[in-house]
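# Inside the fold
Here are the chains, one letter per residue:
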Amino acid sequence: MGDVLAGNHSAWEFAADSVLIRFERGIRTPKLFQALGERRIPYEALSTVELLPGGKRGTVVLHVVPREGADPLLDAADGQLKPGSDPYRLVLPADRETLAEYYADQLREELGPESGKPADRHLVEPPKPPLSFKAYDGKAAFDGETVAFRWFSTGASSAKWKAGDQSFGVREIDGIEWRSPEVFDGHLRLHLPGTEPAAQPDQDPASVVFGLGYGPVYESLPFAAAVLAAAAAAGGPVTHELRPTTSPARGDPADIAERIRHLGELHEAGLLTDEEFTTKKTELLTLL
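Quick caveat, the model's predicted, so the values are computed rather than measured. (Residues numbered from 1 in each chain as written. Predicted model: local features only at pLDDT ≥ 70, side-chain atom pairs only at ≥ 80, totals over all residues. Heavy atoms only, no water.)

### So, helix H5 (residues 217–233)
If you check H5, its first and last C-alpha atoms are 24 Å apart, about what 17 residues at 1.5 Å a residue would give, namely 24 Å. Just downstream of H5 lies Gly235, where phi reads positive at about 90°. (Helix = DSSP H or I, 4+ residues; strand = E, 2+ residues; numbered from the N terminus. Expected span 1.5 Å × (residues − 1).)

### Things to note about the sheet that holds strand E12 (residues 175–179)
With antiparallel pairing, the three strands of this open sheet are ordered in space as E12-E13-E14. Each edge of the open sheet carries a strand with a single partner, namely E12 and strand E14 (207–209). Direction aside, the axes of adjacent strands within the sheet are offset by 10° on average. With five bridges joining them, E12 and strand E13 (residues 187–191) adopt antiparallel strand pairing. Within E13, the residue paired with Gly175 across the bridge is His191. (Pairing = 2+ DSSP bridges. Axes fitted to C-alpha atoms, helices over the stretch in contact; angles between N-to-C directions.)

### Things to note about helix H3 (residues 97–110)
Helix length check: H3, at 14 residues, gives a terminal C-alpha distance of 20 Å against a target of 20 Å (1.5 Å per residue), a fit within 8%. Residues Ala100, Tyr103, Ala104 and Leu107 constitute the buried set of H3. Buried residues of H3 fall within an arc of 105° about the axis and therefore sit on the same side. When the buried face of H3 is taken as reference, the exposed residues oriented beyond 90 degrees from it are Thr98 and Glu109. Buried residues in H3 make contact with strand E1 (4–6), strand E2 (10–14), strand E5 (46–53), strand E6 (59–66) and strand E7 (89–93). (Buried < 20%, exposed > 50% of the residue type's maximum accessible area, 1.4 Å probe, protein only. Arc of directions from axis to C-beta. Contact = heavy atoms within 4.5 Å.)

### Some remarks on the packing of aromatic side chains
In this structure the tally under the stated criterion is nine aromatic pairs. On the basis of an interplanar angle of 10° and a centroid distance of 4.8 Å, the ring pair of Phe14 and Tyr103 is categorised as stacked. With Phe14 in strand E2 and Tyr103 in helix H3, this pair connects stretches of sequence that are 89 residues apart. Since its relative accessible area comes to 1%, Phe14 is described here as buried. For Tyr103, a relative accessible area of 5% puts it in the buried group. Between the aromatic rings of Phe133 and Phe210, the centroid separation amounts to 5.9 Å while the plane-to-plane angle is 65°, which identifies the pairing as edge-to-face. (Phe/Tyr/Trp six-rings, centres within 6.5 Å; stacked < 30°, edge-to-face > 60°.)

### Observations concerning the nonpolar core
Most often, soluble globular proteins keep nonpolar side chains buried together rather than apart. Core analysis: the biggest nonpolar cluster contains 63 residues, and Leu62, Phe149, Leu188, Leu190, Leu221 and Phe223 have the highest contact counts within it. Residue contributions to this core peak at 10 residues, all from H5. Excluding anything up to four places from it in sequence, Leu62 contacts Leu5, Trp12, Val49, Glu50, Leu51, Tyr88, Arg89, Leu90, Ala100, Tyr103, Ala104 and Leu107. Listed in part, the five residues of the second largest apolar core include Tyr136, Leu263, Leu266 and Phe277. (Core = buried A, V, L, I, M, F, W, Y, C linked by side-chain atoms within 4.5 Å.)

### With respect to the side chain of Asp71
With respect to the secondary-structure elements, Asp71 resides in the loop between E6 and helix H2 (72–77). Within the structure, Asp71 has its side chain in polar contact with the backbone nitrogen of Leu73 (distance 2.9 Å). Side chain to side chain, Asp71 and Tyr88 meet in a polar contact 2.6 Å long. When near neighbours in sequence (up to four residues on either side) are disregarded, Asp71 contacts Arg39, Tyr88, His122 and Val124. (Polar contact = N/O pair within 3.5 Å; in protein donor to acceptor, adjacent residues only side chain to side chain.)

### Things to note about the environment of His63
Position of His63 among the secondary structure elements: in strand E6. For His63 and Asp86, which are 23 residues apart along the polypeptide, the C-alpha to C-alpha distance reads 9.3 Å. Non-local contacts of His63, meaning those with residues more than four positions away in its chain, are made with Thr48, Val49, Glu50, Leu52, Asp86, Tyr88 and Arg89. A distance of 2.7 Å separates a polar atom in the side chain of His63 from a polar atom in the side chain of Glu50. A distance of 3.3 Å separates a polar atom in the side chain of His63 from a polar atom in the side chain of Asp86.

Structure representation (structure tokens):
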């Protein structure tokens, strides 16, 4: 096609075999879009194309839906992205609906015979490492080959603190579970073959938990997508054994007091129940 269609927060450039989505950088642009920068979507990765009414009056949305398994970002998100953070939606003024319909028809013509089937591999490039973010109980880092969790003495549960900091090669990872930080119990958990995960992510050394201001979508979701893609490309997991890389240490009283104060804020905001607040507070006090 060779054309460019610009809308709210992004512009779509149509090439012979793909559409290049370039996201704006600005105060009103969703932070996830800014973190992604741009994405090239091969037409073979697409399942359907639709034109929808916009969420705001006077707008229309050109929406393309990727095939199941084609995009590691959406695989990791697992349906949890809000419409405003969906990178496959181009919001346009309603007076450009005819133009949007033209491009929708052009995209439909590019859909191949496999468009209705799940993809057997990732067709969209994942976010590039190195990537890192601060979770509620530790820092997560990924260099393209290894995922590392470094626990915070003021946030990690006693189970994680006793296990020590963790590192996992991509071949050791069987899958990844991302639960949005915008809901209660947000977390990122690695699935490891041959191991039985703890019932709660805050007790599982193969996971980090989110919280108020920790593990935001624009940081933790690209991270999850990159790990998922790397694990799939590595060609299969091997047996994993939890291995501490540091020895547990006693917590600093001032830090623990600050952590308990933060727990109180989460409790008052309704993000922790009375029982959860008491349990986590008790765990922190055991570090003194």
